[in-house]
Amino acid sequence: MANRNPDNSLTTPKECIKGLPDFGWRVKLDYECTEKCKPFQSPRLSQIPSLVGLGLRYTVHTLKCYSKGRRPHMDFVNPVLHKPMYGCPIGGIGAGSIGRGYRGEFCRFHMVPGMYDYHIVQADSFIVTIRKGGQTVYQKVLTGHRVNKTLKLWEWGFPLGQGTYQALYPRAWTVYSIPEHNIRLLCRQISPVIAHNYEDSSYPMAAFIWEVENEGKEDLDVAITFTFKNGTGGKKDFHGGCWTESFQHTEDGVDPVTGVMIHQRMQDMPCTYAVSAKETSGVSVSHCLNFDPQGNGAEVWTELLNNGTLKSKQGSSEKTKKGKDVAAAVSLLCTATPGTTQTLEFGLTWDMPVIHFRAKEVQYSRRYAKWFGKSGDASPKMAAYCLQHYLSWEQQIEAWQGPTLNSRKIPAWYKALLFNELYYVSDGGTVWLHPLELPEDDEELDEENVVDEYGKFAYLEGHEYRMYNTYDVHFYASFALIMLWPKLQLSLQYDLAKAVVHENPEVFKYCMGGHTGLRKVRFTVPHDMGDPEDEPWVRVNSYNIHPTADWKDLNLKFILQVYRDYHATSDEAYLKSMYPVMKTLVERSLLWDKDNDGLIENGGFADQTFDAWIVEGASAYCGGMWVCALRMFVQAGRILGHTEDVEKYTETLNKAKESYEIKLWNGKYYNYDCSSHGYHDSVMADQLAGNWYMRAAGISDKTVFPPDHVKSALETVYKNNVMGFADGNMGAINGTRPDGKKDITSCQSEEFWTGVTSSLAAQMVQEDMLEEAFQTLWGNYNVCWEWLGLMFQSPEAYMTSKHFRSLGYMRALAVWAVQWALEKYQPQLFPEEAKSGSSGAGDSGGLTGARSSSGTEPPKGDDSSGTQLPIGEGEGSASGMDGDKTDSEAISGKDILVAER
């Protein structure tokens, strides 16, 4: 089944269904993923010797964590299991999220910052009641199936073949057909995740809009009831102290909103759920103040069955005792006359405005508290806002997504992949916070008002790799932020820059080698910004497999991102602020040039993002990034007028690029490294990562990576790493031998990484290899979203053996690098009306893709018109040069040419 090609896609819409969009991930409710896949835990015998020490030391570390009541930040003993059930999650960015299954189950709760609970909560449901002549003729639960013995009176068993689900994040649709009563139901799920919107996008809420269509000839009364319980489905739900409270929010000129709040605490932090509904003309609302979700459910079921409404008791319930939980319900009832459609509007919000991480050293307010307050009593106001503004959210979402969705030249499956993978920006353990007080030693960078205004942003490396803003991975994922919420990318970068200059003298024992070292070395880019089970931003570097101070890619990835960000935003203050940090990192990285040839060397251990794949000497991956980081740093120096730096580092650059070609180019592609290891000449899928970033940032310098070498390397990777497996329907395997066989040197060399496949596709787009790009990227969609049932939990890696590693992973967001490349290098694919860009709400630097939405000029030194632009004695010039040169001529001395395709 891995050989399925795009023409045979199972989940791409093939027919028009009223009320559903033309694009997205679509399945019938009876869809089943029949493939069995497991987390990777069994390396090859040949790979085990190198992992024995790691395994023993990590076992000791894991046991120590368990003894303290904590899970390790990477729990290889208890990996997240495969559940091919997920659909579009709900909630905005950074205030928690709630996953939903494609059959409607509420599951995968992220309420406590950075921590997940994987439970299907049976009491969180929608129920339909159909009445004729004052009698109930049909009543069923519409979401999911029975998972335990509670709520015995409730009737599940909706015929799954009569329902269809479709997801196009941040929205989802479910159609239910009830032909025996000629009723058609359409539920529309909307979360306020909106490009360039920094207010509503932070709100912890979602709307569920039900359309009730009577296709028959008789009047029918139809009720939809929304039930919800406290907690997240785990044992902590029974700690007691929860209670419910009814409310009604009224404002002049708008329909009243009625609902029930569920008050609780989650790890000592107050949190209020609110289930709400809007009372409109011809629609009546009722509620059940509280019922026992462990009981038989009669308080809801029997009332609906007998009356079609609930009792609507006002006030508050008693607090639950230990061992008990509590639930509430809100119901809307309408009369559906023949040939008409009635709309029933529900909302779900959660108010948890003040949080802390496990160490409790710093308190934060969630971003949304800027508008709803920090007191925790905003649920009625939030519920009303949700139900008054969801139409506006949809309009903004459609305006943002429209240019891509309306393109007839872009594959339908790509559109589904692009927007649905964006779920991770919200559902990646994400926090978007404002500190209530800063640590005493906190220092500010120049121009750091971005952090003050837009807050601190962090998301996990993965649902089970619990480290915030893991930087070697964010390198790939960051295109989603810089394109859609660029201020969050800049905020993240400012925080990262502060961490560079700090040192943490705490002594770590590193699990791979068993030696000790400092937790954080001064003047190095940290691997991550910390563990939510500790104190992120205060204690960075929770990763303890290798000492990352000597990782060769982290410093370079900071330099590459800074210039890419500047190219995207034209923010010269940002570039100026970051320049000293960039220079420090260049100088630090030069220490890795052991033979003074301008090119850094890897250290003979896995000292980069492929942290189980050993590299020694000059390498294609890190060496290429070093050459391009130098090129972009020199360009930054020229823009800012640092003439001496330009002269000095151009000399280093010229040496480095020559050494890179001599040591690594073999006539067809760049060798993995220049060591004497048997795999030194393996074909690495990600060998051109540096050139990818340099081109993405608008620099087309043919003397750094000769175009014929780039084309030859990409063609070799496509032949070996892409087309060599499952007829090209699995993406790109990380490493092959020259004969096309797998490189089985390490477990990572024979993995397919979702993010690397996407970045490779982006490079192909930049080099006019569109057919190859889409074929490569199709592998991600085919494997994750169709073959193995990994939708809305795309992993870091999968293998031909149907094993996966690290479900719910940040790097899969790299599909937005493909979108960046398409908009920047293939604008003919988009409708004409999209080419002028789209406006960003409150974001002067916002981008639809690579195009500026604000009408600002491109960064100095870049040519966004598509013509060659030498930097001479004019705008953006730091020193004079020959304006007649072209980008095909060699760089020499101070001659730095920039041309954007």
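For the structure, see preceding data.
A brief report on the enclosed structure follows. (Residues numbered from 1 in each chain as written. Predicted model: local features only at pLDDT ≥ 70, side-chain atom pairs only at ≥ 80, totals over all residues. Heavy atoms only, no water.)

**Considering the packing of helix α15 (residues 707-722) against helix α16 (residues 754-766)**
Here comes step 1: Relative to each other, α15 and α16 sit at 145 degrees, their axes nearing to 11 Å. Both α15 and α16 take part in a crossing whose hand is left-handed. Facing Leu714, Val717, Tyr718 and Val722 of α15, the residues of α16 in contact are Leu760, Gln763 and Met764.
Here comes step 2: Along the lines of polarity and charge, the residues of the contact of α15 with α16 split into six nonpolar, one polar and no charged. (Axes fitted to C-alpha atoms, helices over the stretch in contact; angles between N-to-C directions. Helix = DSSP H or I, 4+ residues; strand = E, 2+ residues; numbered from the N terminus. Left-handed = near helix turned anticlockwise from the far one by under 90°. Contact = heavy atoms within 4.5 Å. Nonpolar A, V, L, I, M, F, W, Y, C, P; charged D, E, K, R; others polar.)

**So, the environment of Leu436**
Here comes step 1: Along the chain, Leu436 turns up in the loop between β20 (431-435) and α7 (449-454).
Here comes step 2: Once the C-alpha coordinates of Leu436 and Val354 are considered, the two residues, 82 residues apart in sequence, prove to be 8.8 Å apart.

**So, the layout of surface pockets**
Here comes step 1: Here the largest pocket defines a volume of roughly 1,000 Å³.
Here comes step 2: Lining the largest pocket are 41 residues, and of these Met115, Tyr116, Asp117, Thr232 and Lys236 lie nearest its centre.
Here comes step 3: Secondary-structure elements contributing two or more residues to the lining of the largest pocket are β4 (106-110) and β13 (257-266).
Here comes step 4: The element best represented in the lining of the largest pocket is β13, accounting for three residues.
Here comes step 5: Class assignment of the residues belonging to the lining of the largest pocket gives a composition of twelve nonpolar, 15 polar and 14 charged.
Here comes step 6: Put simply, the second largest pocket is a space of about 890 Å³. (1 Å grid on protein atoms, 1.4 Å probe; cavity = no way out; pocket = protein on both sides within 12 Å on 5 of 7 lines; lining within 4 Å. Points joined across faces, edges and corners; volume = space filled by probe spheres on them.)

**As for the nonpolar core**
Here comes step 1: Ranked by size, the top nonpolar core spans 268 residues in total, and within it Phe208, Trp210, Phe346, Phe558 and Trp816 carry the most contacts.
Here comes step 2: In terms of residue count, helix α12 (residues 620-640) provides more of this core than any other element does, 15 residues in total.
Here comes step 3: The residues touching Phe558, leaving out its near neighbours within four places in the chain, are Tyr471, Gln493, Leu496, Ala497, Val525, Met578, Val581, Met582 and Leu585. (Core = buried A, V, L, I, M, F, W, Y, C linked by side-chain atoms within 4.5 Å. Buried < 20%, exposed > 50% of the residue type's maximum accessible area, 1.4 Å probe, protein only.)

**Some details on the sheet that holds strand β29 (residues 797-798)**
Here comes step 1: One open sheet accounts for four strands, arranged β2-β30-β29-β28; its pairing is mixed. With partners counted over all chains shown, the strands left at the sheet margins are β2 (38-39) and β28 (752-753), one partner each.
Here comes step 2: In this structure, β2 lies alongside strand β30 (residues 803-805), joined through two bridges in parallel fashion. Along β30, the bridge assignment pairs Pro39 with Phe804. (Pairing = 2+ DSSP bridges.)

**Remarks on helix α8 (residues 471-484)**
Here comes step 1: End to end, α8 covers 19 Å across 14 residues, agreeing with the expected 20 Å (1.5 Å per residue, within 8%).
Here comes step 2: The sharpest bend along α8 reaches about 55 degrees and sits at Ala477.
Here comes step 3: A large share of α8 lies buried, amounting to 14 of its 14 residues. (Expected span 1.5 Å × (residues − 1). Bend = angle between axes of the 7 residues up to and from the residue.)

**Details of the pattern of salt bridges**
Here comes step 1: Tallied over the full model, the rule gives 40 salt bridges.
Here comes step 2: The residue Glu32 makes a salt bridge to Arg103 at a minimum N-O spacing of 3.0 Å. Within this pair, whereas Glu32 is found in the loop between β1 (25-28) and β2, its partner Arg103 is found in the loop between β3 (97-100) and β4, the two being separated by 71 residues in sequence.
Here comes step 3: With a relative accessible area of 12%, Arg103 lands in the buried category.
Here comes step 4: Glu303 is paired through a salt bridge with Lys311; the nearest N and O atoms lie 4.0 Å apart.
Here comes step 5: Connected through salt bridges with shared partners, the residues Arg171, Arg188, Glu211, Glu394 and Glu398 form a single ionic network. (Salt bridge = Lys/Arg side-chain N within 4 Å of Asp/Glu carboxyl O.)

**Section: the side chain of Glu786**
Here comes step 1: Mapped onto the secondary structure, Glu786 falls in helix α17 (residues 770-787).
Here comes step 2: For Glu786, the residues in contact, after removing those within four places along its chain, are Arg4, Ser9, Leu10, Thr11, Thr12, Tyr31, Trp778 and Tyr781.

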